[in-house]
Amino acid sequence: MPTVNSTRVMQFILLGLTEDPALQVPLFCFFLLVYSITLLCNIGIMLLITMNHNLHSPMYFFLFSLAFVDISFSSVAVPNMLVNFLWMQKKISFTGCAIQMFLSYVVGSSDVFMMALMAYDRYTAICNPLLYPVIMNNRTCLYLLVSIAVIAIINSLTHAVFTFTLPFCKDNKISHFFCDVPALLKLACSDTTINEVVLISMAGGLIVISLIIVLISYVYIVSAILRISSSEGRKKTFSTCSSHFVCVTLFFGTLIFMYAKPSASHSMAKDNVASVFYMIIIPMLNPLIYSFRNQEIKQALRKGLGKTSASK
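Note that the coordinates shown come from a computational prediction; the quantities given were computed from them, not determined experimentally.

Parameters and conventions
Residues numbered from 1 in each chain as written. Predicted model: local features only at pLDDT ≥ 70, side-chain atom pairs only at ≥ 80, totals over all residues. Heavy atoms only, no water. Phe/Tyr/Trp six-rings, centres within 6.5 Å; stacked < 30°, edge-to-face > 60°. Helix = DSSP H or I, 4+ residues; strand = E, 2+ residues; numbered from the N terminus. Buried < 20%, exposed > 50% of the residue type's maximum accessible area, 1.4 Å probe, protein only. Axes fitted to C-alpha atoms, helices over the stretch in contact; angles between N-to-C directions. Parallel < 35°, antiparallel > 145°, perpendicular 65-115°, else oblique. Left-handed = near helix turned anticlockwise from the far one by under 90°. Nonpolar A, V, L, I, M, F, W, Y, C, P; charged D, E, K, R; others polar. Pairing = 2+ DSSP bridges. Contact = heavy atoms within 4.5 Å. Disulfide = S-S within 2.5 Å.

Observations regarding the packing of aromatic side chains
Enumeration over the complete set of coordinates arrives at 13 aromatic pairs. Residues Phe12 and Phe168 carry aromatic rings whose centres are separated by 5.5 Å and whose planes lie at 85° to one another, so their mutual orientation is edge-to-face. Of this pair, Phe12 sits in strand E1 (residues 11-14) while Phe168 sits in the loop between helix H5 (138-164) and strand E3 (173-174); the two residues are 156 residues apart in sequence, bridging distant segments of the chain. Here Phe12 matches Phe168 in class, with each residue buried. Among the aromatic residues, those joined into a ring-pair cluster are Phe12, Phe94, Phe164 and Phe168.

A few points about the packing of helix H1 (residues 21-51) against helix H2 (residues 58-86)
Interaxial distance between H1 and H2 falls to 9 Å at its minimum, and their mutual angle equals 160°. Put simply, H1 runs roughly antiparallel to H2. The interaxial crossing formed by H1 with H2 has left-handed handedness. Considering only residue class, the contact of H1 with H2 consists of 23 nonpolar, seven polar and one charged.

Describing the sheet that holds E3
On the basis of which strands lie adjacent, the open sheet formed by three strands has the order E2-E1-E3 and mixed pairing. The sheet terminates laterally at strand E2 (91-93) and E3, the two strands that pair on one side only. Bridge count between E1 and E3: two bridges; the pairing is parallel. Within E3, the position partnered with Leu14 by the bridge is Ile174. Sheet contacts for helix H3 (residues 94-127): E1, E2 and E3; angle to E2, the most-contacted strand, approximately 85°.

Quick notes on the state of the cysteines
For the coordinates displayed, the defined rule picks out one disulfide. Disulfide pairing places Cys97 opposite Cys179 at an S-S distance of 2.0 Å. Torsion about the S-S bond of the Cys97 and Cys179 cystine: about -125°, corresponding to left-handed handedness. Taken together, the residues Cys97 in helix H3 and Cys179 in the loop between E3 and helix H6 (181-185) connect sequence positions 82 residues apart. Classification of Cys97 as buried rests on a relative accessible area of 0%. A relative accessible area of 0% means that Cys179 is categorised as buried.

Structure representation (structure tokens):
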């Protein structure tokens, strides 16, 4: 029986998106721009919602929470990735890798449930407008967010424990720009079947449950919109949820691409592209798609800019 080198890996090397030296600086500039826009837009939305009392409603409370989650999602990996573009030593410690993976799954799971929660909020507002203030009161909204956080932490802790108790003795080079479970499983020198089952059942289960909530919500929403007699009323009602539907399609599409297949069939190049999309690009697009197509946000922004101009 062949012996296995069981030397413990003390650090990992993140190979990133490419090892081509000619692409490091252009990629650094591109992702720095994307990350800057992400921070600027999401922080701007959070400040706008905080300062404008007309936006103190469940819909914008969830939008505020989504902006915070999006900032956290990008910040888990992007700063370290930017440093690695300009630094020859692309190392991350064993502990640092575990923390990064844990945090990425906490905010990633939260993002998944936020999409479902916002769909349910729109369903309640459109299909049960009279009961909406009772159903989506402040206490309920807070309980929902706390529940999301607890589930996300349990999910992430499970993945972290199952992944980082594996012996990593094959290699320490991660073919990714952050510490993700599928990439780490490829480095393990023991059977990872249980880890794959846990990944697919838990991560996949969260995605499927959230997607079912979204789909059921939109079935009722579309039915309610079709029952509206005036075309102007249908257009106005649909505009309140169309942007959310676009983001849901993009977000869940990339997640399903990432995790709805066995680890053995993973192409790390394709997974890297998918991860960039849902972890970096979508957090930048969300405030643009959700907010700047929203009339109340536009009015609050114009009002805020008007006050700034008047003060000068």
